[in-house]
Amino acid sequence: MLTIRDVRKSFQENEVLKGVSIEVEKGDVVVILGPSGSGKTTLLRSINFLERADSGTLDWEDIHLDLKHASRKDVALIRKKTAFVFQNYNLFKNKTALENVMEGLTVARKVPKKEAEKIAKEALDKVGLSERYDYYPSQLSGGQQQRVGIARAVAVNPDIILFDEPTSALDPELVGEVLNVIKTLAKEGTTMIVVTHEIKFAQEVANKVVFMDGGFVVEEGSANEIFNHPKEERTQQFLRRILPDYDYAI
C-alpha cells in the first residue's frame, strides 16, 4: 500500500533521518517506538509533507514521488489520502467541536455544509462525544480535545491515519480514553502509523513494530518478535529501560 524508502532529513547540521525505509499494508497498525530525538515524529511529518524530506521516495499504489521534489498537486493528493492526529490537538479555539471536525470537510474537501455536519456528528459519536458537539476546546478536557482531533481525522475517511504521540500531552488519567478510541479503530481495520511511548498499547494493537534510534530503523518486526524476541542489543536496552520487568537475556 505505502512504501517509504531511504528518507533523509537534516535541520541545519543535525541529520535527523539517515535513510529510513518502512512499508505499510492495508489494515496494518504500525507502531514506531524509540527514544526522544530518534526521528520518529520527523518521519511521520515527512510522510504527510508537514516536513519536506531532503531525499527519499514514496510509493503508494500507482503513485511514485520523490519526497524532495513532489509538486503541490502531489502533496495535496497524499494529504487527501492521510489524516494527521497531533500531540497538542491543534484545534481551532474559536470553533466548537463540531465546527472543528467540519472544517477539514468543507474547506479542504469541499463537502457541502449539511453533509459535512452529518459526517462530523457521526465521527464525534464514534469517539464518544455525542454530548459535546457545541463545546469549545476550552470547555473540554485534554482527552476530549484529543478525541475531537481523532474524530476530525476519521471524518475525512483517509486511507491511513498518522498519530504523533497522541497521548503525550495528556494527564495520566486521561490517556486511557484516547487509547481506547484508537484500539476501536484498529479493531475495525483502520490503517494506522502510531508514534507512541505507550508500550502496553503497542503490544495490544500493533501488528508491526518499528524501533528507531539515532535517525535509523534499528529493528522491525511483529509485536511478538520485537517485544519477546528482539535481535538487536539496542532494542533490548531500550525495552529494559522502559519495562521494569523486562528480563530478555542478550
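Keep in mind that this is a model prediction, so the values were computed, not measured.

Definitions and limits used
Residues numbered from 1 in each chain as written. Predicted model: local features only at pLDDT ≥ 70, side-chain atom pairs only at ≥ 80, totals over all residues. Heavy atoms only, no water. Pairing = 2+ DSSP bridges. Helix = DSSP H or I, 4+ residues; strand = E, 2+ residues; numbered from the N terminus. Axes fitted to C-alpha atoms, helices over the stretch in contact; angles between N-to-C directions. Parallel < 35°, antiparallel > 145°, perpendicular 65-115°, else oblique. Left-handed = near helix turned anticlockwise from the far one by under 90°. Contact = heavy atoms within 4.5 Å. Polar contact = N/O pair within 3.5 Å; in protein donor to acceptor, adjacent residues only side chain to side chain. Nonpolar A, V, L, I, M, F, W, Y, C, P; charged D, E, K, R; others polar. Salt bridge = Lys/Arg side-chain N within 4 Å of Asp/Glu carboxyl O. Buried < 20%, exposed > 50% of the residue type's maximum accessible area, 1.4 Å probe, protein only. 1 Å grid on protein atoms, 1.4 Å probe; cavity = no way out; pocket = protein on both sides within 12 Å on 5 of 7 lines; lining within 4 Å. Points joined across faces, edges and corners; volume = space filled by probe spheres on them.

Caption draft 1: Representation of the pairing of strand β2 (residues 14–24) in the model. Relative to β2, strand β1 (residues 2–11) runs antiparallel, the two sharing 8 bridges. Opposite lysine 9, over in β2, you have leucine 17 as the bridge partner. Between the end of β1 and the start of β2, which pair antiparallel, lie 2 residues, with glutamine 12 showing a positive phi angle near 55°.

Caption draft 2: Looking closely at the packing of helix α3 (residues 97–108) against helix α4 (residues 113–126). The contact between α3 and α4 brings their axes to 9 Å, and the two run at 125°. Regarding the angle of α3 to α4, the classification is oblique. As α3 packs across α4, the resulting crossing turns out to be right-handed. In contact with Ala97, Leu98, Val101, Met102, Leu105 and Thr106 of α3, α4 contributes Lys113, Ala116, Glu117, Ile119, Ala120, Lys121, Ala123 and Leu124.

Caption draft 3: Inspection of the environment of aspartate 66 at higher detail. Along the polypeptide, aspartate 66 turns up in strand β5 (residues 63–66). Through-space distance from the C-alpha of aspartate 66 to that of aspartate 54 is 9.6 Å; in sequence the pair is 12 residues apart. For aspartate 66, the side chain forms a polar contact with the main-chain nitrogen of lysine 68, separated by 2.9 Å. A distance of 3.2 Å separates a polar side-chain atom of aspartate 66 from the backbone nitrogen of histidine 69.

Caption draft 4: Summary view of the sheet that holds β2. Strand order in the open sheet made by the 4 strands is β2-β1-β4-β5, with antiparallel pairing throughout. Only two strands of the sheet have a single neighbouring strand rather than two, namely β2 and β5. Ignoring strand direction, the axes of neighbouring strands in this sheet form an average angle of 15°. The strands that helix α1 (residues 40–47) touches are β1, β2 and β4 (55–60); relative to β2, the one it contacts most, it runs at about 60°.

Caption draft 5: Quick look at the packing of α4 against helix α5 (residues 142–155). Viewed as axis vectors pointing N to C, α4 and α5 meet at an angle of 130°, and their least axial separation amounts to 8 Å. Taken as axis vectors, α4 and α5 run oblique relative to one another. Judged by the twist between their axes, the crossing of α4 over α5 is right-handed. In contact with Ile119, Ala123, Leu124 and Lys126 of α4, α5 contributes Val148, Ala151, Val154 and Ala155. Its residues placed into classes, the contact of α4 with α5 shows 7 nonpolar, no polar and 1 charged.

Caption draft 6: Up close: the pattern of salt bridges. For the structure shown, the criterion picks out 15 salt bridges. Its salt-bridge partner being glutamate 15, residue arginine 8 comes within 3.3 Å of it at the nearest N-O pair. For glutamate 204, the salt bridge is made with lysine 200, and the minimal N-O distance between the two is 2.7 Å. Separated by 4 residues within a single helix, glutamate 204 and lysine 200 lie in helix α7 (residues 199–205), roughly one turn from each other. In this structure glutamate 204 comes out as partly exposed when scored by relative accessible area, which is 43%. Bridged by salt links that share partners, the residues Asp6, Arg8 and Glu15 form one connected network.

Caption draft 7: Here's a closer look at the layout of surface pockets. Size it by volume and the largest pocket reaches roughly 570 Å³. Taken together, 20 residues line the largest pocket, and the ones lying closest to its centre are Arg79, Thr82, Gly104, Ala108 and Arg109. Looking at the lining of the largest pocket, the elements that each hand over two or more residues are α2 (72–81), β6 (82–85), α3 and α5. Per-element tally for the lining of the largest pocket: the top contributor is α3, with 5 residues. Partitioned by chemical class, the residues of the lining of the largest pocket number 10 nonpolar, 5 polar and 5 charged. Quantified by volume, the second largest pocket comes out at close to 240 Å³. Lining the second largest pocket are Lys26, Lys126, Val154, Asn157, Pro158, Asp159, Ile161, Leu185, Glu188, Gly189, Thr190 and Thr191. Here the lining of the second largest pocket is composed, by residue class, of 4 nonpolar, 4 polar and 4 charged.

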